[in-house]
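# Fold and geometry: a report
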Amino acid sequence: MERTRCCIAGGGPAGMMLGLLLARAGIEVTVLEKHGDFLRDFRGDTVHPSTLRLLDELGLGEAFARLPFAKLEEMRAQVGTTTVVLGDMRRIPGRHKYVAMVPQWDFLDLLASAAAQEPCFTLRMRTEVTGLLTEGGRVTGVRFLDEHGNPGELAADLTVACDGRDSRVGQAAGLRQRLFEVPMDVWQVRVEAPPSSQLRSSRGDPHADARKDGRVFARFGGGQAAVTMDRGTYYQTSYLIKKGRDAELRAHGIQWLRDRLGALFDWDDEVTGAIGSWDDVKLLEVTFGRLRRWYRDGLLCIGDAAHTMSPVGGVGVNLALQDAVAAARILAAPLRRGTVGVADLARVQKRRHLPMAVVQKSQQAEHTMIRSALDGTLDADRLPVPMRLLRRVPPLRTVAGYLGGIGVRPERAPAFARVRPGARSR
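Values in this document were obtained by computation on a predicted structure and should not be read as measured data.

### Here we look at the sheet that holds strand β4 (residues 70-72)
A sheet is described by the order of its strands in space; here 3 strands give the open sequence β3-β7-β4, paired in antiparallel fashion. The two strands at the open ends of the sheet, each matched to only one other strand, are β3 (46-47) and β4. Inspection of the sheet shows β4 paired to strand β7 (residues 99-101) by 3 bridges, in the antiparallel sense. Across the sheet, Lys 71 pairs through a bridge with Ala 100, a residue of β7.

So this is what it looks like as structure tokens:
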């Protein structure tokens, strides 16, 4: 049987970051990723200021800066004709006062390239975890199918589930998330954009400005809610629908959705006509919950495998990365000794519980606003109290920007993983 010190199931942001950090600690780590590459649409494309600082500490800041990305300095929402700045990061502490809007596959390739330089790191693509190995109630590794479809087993002192919201590893371990009610599902669609010179501006369309600074716009009105990112050549758009109504609404012709998006964002037929059919509209069935306990002997869940976040605010990736940093710092020493136990795993959950709970509480409040928007009861004359405060007290926008961009209890890179100041980025 093959053996490693730490087996990580899932090569997303949490899995790749944890693998890199543990490898820099001199711990043999193997990441199993079921896909053949990182090229998948509609993933979390946000890299927050706290993560940007982490990349600097890891010596990866210069390499990241060479990637193509837009800078999101503030988040705006438009309710009817009223615009509200929901968060402003231009005055938060630190070097990075923005969220970098970068395709997730570029970010993951960066982490994978850095990890590949560590002799203790192994990444196995097209390798799908199918079950767990156990002995005396302790998880001792995983079963998998390799890139050729052949079954195999990998023994490990610790298995970490980083395989997302429908974590197969967590379910195999008997860990089930407590799910909370959510009002919406999300349609995700890419809408090709015409040149800026062709954008209509008679109604003050903000998208020409968005081309310059990567702003994200939320629109609410007429029983509709959507968020779009102007990526220059296309609009990456999330259109919110009431929970469970996907099949019913798809009974409309695709022109129905084109018309609604056009009315909401003031897009003409040239823009919305790029949505060829319902095949171009991907459904994200939103779930929102958390595990009561993130671990059992020999197994730890982090990121979405431990706490499924709403897509609102794009904070799930940042929380997952912060989980990975905390786990690496807490578990590196016991993994080196070969003594990692339940008490060590419990320390990870204790460290990360508060940030997770604060974000989920905030998202529950945001869900109340979304429910009102989809019911058609949210309008400029009846803004929720938080929106009214943000309009009247500008410093609160910076507070909101700090909480969204840096958050509660941000993690710093462990000493064993840092690159000294002035060292060349890897």
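### Quick look at the packing of helix α10 (residues 316-337) against helix α11 (residues 342-375)
Helices that pack against each other are described as a pair by the angle of their axes relative to one another and the distance between those axes. Running from amino to carboxyl end, α10 crosses α11 at an angle of 160 degrees, the nearest separation of the two axes being 9 Å. Regarding the angle of α10 to α11, the classification is roughly antiparallel. Judged by the twist between their axes, the crossing of α10 over α11 is right-handed. Packed against α10, whose contacting residues are Leu 319, Gln 322, Asp 323, Ala 326, Ala 327, Arg 329, Ile 330, Leu 331 and Pro 334, the element α11 presents Asp 344, Leu 345, Arg 347, Val 348, Arg 351, Arg 352, Pro 355, Met 356 and Val 359 at the interface. Looking at side-chain class alone, the contact of α10 with α11 contains 11 nonpolar, 1 polar and 6 charged residues.

### With respect to the pairing of strand β11 (residues 151-161)
With 9 of its 11 residues buried, β11 lies for the most part within the structure. Where strand β1 (residues 2-9) and β11 come together, 7 bridges link them in parallel fashion. Paired with Ile 8 across the two strands is Val 160, which belongs to β11. In the sheet, strand β10 (residues 138-145) pairs with β11 via 5 bridges, with the strands oriented antiparallel. Bridge pairing links Gly 141 to Ala 155 in β11. Counting the residues that bridge the hairpin from β10 to β11 gives 5 residues, and of these Gly 149 lies at a positive phi of roughly 85 degrees. Strand direction decides the pairing type here: β11 and strand β20 (residues 299-301), joined by 3 bridges, are parallel. From the neighbouring strand, Ala 161 faces β20, where its bridge partner is Cys 301.

### Regarding the pairing of strand β15 (residues 224-230)
With 6 of its 7 residues buried, β15 lies for the most part within the structure. Pairing analysis gives 6 bridges linking strand β14 (residues 216-221) to β15, with the strands arranged antiparallel. Pairing of Val 216 across the sheet is with Met 229, part of β15. Joining the antiparallel neighbours β14 and β15 is a turn of 2 residues, in which Gly 222 adopts a positive phi near 60 degrees. Sheet analysis places β15 next to strand β16 (residues 234-242), joined by 5 bridges and oriented antiparallel. Looking at β16, one finds that Met 229 is bridged to Gln 236.

Cut-offs applied
- Along each chain, residues carry numbers from 1 onward, in the same order as the chain's sequence is written.
- In view of the model being predicted, local features appear only for residues whose pLDDT reaches at least 70, and side-chain atom pairs are presented and counted only at 80 or more, with totals across whole chains, interfaces and linings using the full set of residues.
- With hydrogens and water set aside, each side-chain value is computed from the structure's full complement of heavy atoms.
- Two strands make a pair as long as DSSP finds a minimum of two bridges between them.
- Each helix is a run of H or I in the DSSP string that is no shorter than four residues. Each strand is a run of E no shorter than two, and both are numbered from the N terminus.
- Each axis is a line fitted through C-alpha atoms, and for a helix only the stretch in contact is used; angles between axes span 0 to 180 degrees, taken between their N-to-C directions.
- Orientation categories follow fixed angle ranges, with anything under 35 degrees roughly parallel, anything over 145 roughly antiparallel, 65 to 115 roughly perpendicular, and all other angles oblique.
- Left-handed describes a crossing in which the near helix is turned anticlockwise from the far one by less than a right angle; the clockwise case is right-handed.
- Contacts are residue-level and defined by heavy atoms, with any inter-residue pair within 4.5 Å sufficient.
- Just so you know the grouping, Ala, Val, Leu, Ile, Met, Phe, Trp, Tyr, Cys and Pro go in nonpolar, Asp, Glu, Lys and Arg go in charged, and all remaining residues, Gly too, go in polar.
- A simple rule labels every residue: compare its accessible area, found with a 1.4 Å probe on the protein chains alone, to the largest value its type can have, and call it buried under 20%, exposed over 50%, or partly exposed in between.

Geometric values such as these leave the question of function open.
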